[in-house]
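Tertiary structure, described
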Amino acid sequence: MTIRNQVRAFIIENFYVADPGGLADGESLLERGIIDSTGVLEVISFLEQHFGVEVEDGELTPENLDSVANISTFVASKLSDDRTELAAEAAQ
Amino acid sequence: MFSSNVLKLDAAHETARIAEAIRTQVVATLHRRGAVVGLSGGIDSSVVAALAAHALGKDKVLGLLMPEHHSSEDALRLGRAAAESLGIEVIVEDIAPALESAGCYRRQEEAIRELVPSYRTDWKCKLSLPSILEGNRLNISRLTVQSPTGDVQTVRLTPTTYWQLVAATNYKQRIRKVTEYYHADRLQYAVAGTPNRLEYDQGFFVKQGDGAADFKPIVHLYKTQVYQLAEHLGIPAEIRARPPTTDTFSMPQTQEEFYFALPYQRMDLCLYAFNHQIPTAIVAEAVDLTPEQVERVFKDIVAKRRATHYLHQAALTVESVGEV
């Protein structure tokens with residue numbers, strides 16, 4: 001399953017989404033009232049446990065966490081960074 | 001020109017208006033013989049007690065001081081000062097034993113130790129939110145703990161820890177309300193609620209805790225206006241000068257740090273402006289913020305209303321029971 005689909009599934013299964021089929025990837029989860037500030041904590045917890053990525057304090061922004069698309073891009077970027085870091089360590 | 005003048009009220013007129021409402025509500029509508037007011041030593045409960053005394057007579061108002069392990073020393077002293085200035089009867093009910101046996105403190109510590117395993121009973125803690133004025137960061141609660149030697153640590157909360165910590169802490173407001181209703185029942189009095197408009201609007205109360213009451217005489221007033229009434233009603237100067245605190249966690253904290261984006265004076269103006277569709281540029285000038293910062297405060301107002309919608313809901317039923 002793609003990162004995007006995993007993120008979408010998590011959002012739909014854990015929060016009330018009145019019209020799951022109508023939830024656009026780019027739609028703000030906060031402005032649509034799907035998640036609130038505690039919901040953001042749940043999203044962070046999901047990213048850290050499910051994808052194994054660490055969310056730094058400076059990364060707690062709507063650009064990283066406030067839509068299915070943003071979350072997916074953020075996770076992909078973190079995983080890519082992790083892989084680059086591992087490759088660099090292996091090469092040393 | 002938009003300024004803090006929009007919140008200026010005729011204190012004498014408003015006092016008379018509220019007093020009339022209290023008499024009608026407590027006596028005519030609720031058929032109660034007086035009012036119970038939980039006194040925290042803060043401005044809101046002091047003003048509510050003063051209004052109740054003004055409306056019903058000082059011998060028809062009972063003030064309750066309800067300290068617990070984490071209460072500030074000032075709370076008891078100032079609550080007593082408010083009661084004495086009004087000439088109302090006051091009873092001290094130490095709710096710490098009730099909180100102990102309900103597991104409030106144990107459950108708080110249990111939650112905290114999930115994140116800070118070294119946390120002990122003689123440590124202190126508080127919850128706080130980062131400022132939304134500084135940037136675009138999401139508003140996530142943090143836990144700060146302090147050891148007896150003064151070492152301070154701040155950690156991000158997990159959802160389960162946050163929920164358990166808040167749930168355990170909510171015992172305090174709920175046990176206080178239980179105690180208020182004990183005295184109200186034995187005296188056939190009504191229980192006064194003390195939230196102001198800012199707190200009520202933004203969900204800064206505990207459901208069936210300080211959110212519960214038989215009448216709420218200042219819920220329509222911005223906090224700034226509560227202070228105006230406090231001066232008119234002769235509330236002791238020390239109470240009027242004290243910055244609003246939560247007096248909920250063991251580390252001292254302001255309401256701004258715990259919940260609101262701004263100090264109450266600016267928060268009131270922003271809430272008023274939002275409620276009256278005042279353009280952000282005009283609001284910014286009045287509250288000494290940039291229009292972008294005002295926009296963030298407006299978004300936070302909406303977000304808090306949405307997130308705390310549940311707190312305002314009465315019990316939902318399948319169908320109404322029209323006879324009552």
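Residues numbered from 1 in each chain as written. Chains lettered and ligands numbered in written order. Predicted model: local features only at pLDDT ≥ 70, side-chain atom pairs only at ≥ 80, totals over all residues.

1. Regarding the overall build of chain B
Stated precisely, the cut-off is as follows: Numbering goes from the N terminus for both helices and strands, where a helix is a DSSP run of H or I of at least four residues and a strand is a run of E of at least two. As a reference, a globule follows 2.2 Å times the number of residues to the power 0.38, and the radius of gyration itself is taken over C-alpha atoms. Whether a residue is buried, exposed or partly exposed follows from its count of other C-beta atoms within 10 Å of its own C-beta, namely 20 or more, 12 or fewer, or something in between, respectively; the C-beta atoms are built from the backbone. Once C-beta atoms have been placed from the backbone, residue pairs whose C-beta atoms lie within 7 Å are recorded as contacts.
When helices and strands are tallied, chain B shows 14 helices and 7 strands. The globule rule puts the C-alpha radius of gyration for 324 residues at 20 Å, and the 20 Å found for chain B is close to it. Dimensions of chain B, computed from the C-alpha atoms along their principal axes, are close to 55 × 50 × 50 Å. Counting all 324 residues of chain B, 43% fall into the buried class. In chain B, the proportion of contacts linking residues at least 24 apart, taken out of those at least 6 apart, comes to 72%.

2. Details of the nonpolar core
All names here are of chain B. So the rule is basically this: Here a nonpolar core is just a set of buried residues of the types Ala, Val, Leu, Ile, Met, Phe, Trp, Tyr and Cys, joined wherever their C-beta atoms sit within 7 Å.
If you look at the biggest cluster of nonpolar residues, it comprises 102 residues, and the most contacted ones within it are Ala-35, Val-47, Ala-49, Ala-52, Ala-192 and Cys-270. No other element matches helix α2 (residues 43-56), which puts 10 residues into this core. Contacts of Ala-35, omitting those with residues within four sequence positions, involve Val-26, Ala-52, Leu-56, Lys-60, Val-61, Tyr-189, Ala-190 and Ala-192.

3. Thoughts on helix α13 (residues 291-307) of chain B
Residue and element names in this part refer to chain B. This is how it is decided: Each residue after the first adds 1.5 Å to the expected span of a helix. Directions pointing from the helix axis toward each C-beta atom define the arc.
In this model, α13 (17 residues) spans 24 Å end to end at C-alpha, consistent with the 24 Å of a helix rising 1.5 Å per residue. All of the buried residues along α13 are Gln-293, Val-294, Arg-296, Val-297, Asp-300, Ile-301 and Lys-304. Buried residues along α13 cover an arc of 155° about the axis, so they all sit on one side. Elements in contact with the buried residues of α13: α11 (264-275) and α12 (280-287).

4. Examining the environment of Gln-255 of chain B
All names here are of chain B. With respect to the secondary-structure elements, Gln-255 resides in helix α10 (residues 255-258). Residues Gln-255 and Ser-128, spaced 127 residues apart in sequence, show a C-alpha to C-alpha distance of 9.2 Å. Other than its neighbours up to four places away in sequence, Gln-255 contacts Pro-244, Thr-245, Thr-246 and Phe-260.

5. Section: the interface of chain A and chain B
Rules: In this classification, the charged set is Asp, Glu, Lys and Arg, the nonpolar set is Ala, Val, Leu, Ile, Met, Phe, Trp, Tyr, Cys and Pro, and all remaining amino acids, among them Gly, are polar.
In this assembly, 13 residues from chain A lie in contact with 13 residues from chain B. Only α2 (37-51) and α3 (62-65) of chain A provide two or more residues apiece to the side of chain A that touches chain B. Tallying contributions element by element places α2 of chain A first for the side of chain A that touches chain B, with 6 residues. Its residues placed into classes, the side of chain A that touches chain B shows 6 nonpolar, 5 polar and 2 charged.

6. Quick look at the confidence of the model for chain A
Do not read the fine detail of predicted coordinates wherever pLDDT is low. What counts is decided by this rule: Each residue carries a pLDDT value, the predictor's own confidence for that position, ranging from 0 to 100.
In the predicted model, chain A carries a mean pLDDT of 90, and the fraction of residues at 70 or more is 89%. When mean pLDDT is compared element by element in chain A, helix α1 (residues 3-14) of chain A scores highest at 95, while helix α4 (residues 68-91) of chain A scores lowest at 82.

7. Some points on unusual backbone geometry
Residues and elements named next belong to chain B. Residues other than glycine seldom take positive phi values, yet His-31 does so here, at roughly 55°. Positionally, His-31 belongs in the loop between α1 (11-29) and β1 (35-39). Overall, the presence of 9 C-beta atoms within 10 Å leaves His-31 in the exposed class. Positive phi outside glycine occurs at Gln-208, with the angle close to 60°.

8. A few points about the environment of Ala-81 of chain B
All names here are of chain B. Following the sequence through the fold, Ala-81 ends up in helix α3 (residues 73-86). Given 18 C-beta atoms within a 10 Å radius, Ala-81 is considered partly exposed. C-alpha of Ala-81 to C-alpha of Val-145: the two residues are 64 residues apart in sequence and 31 Å apart in space.

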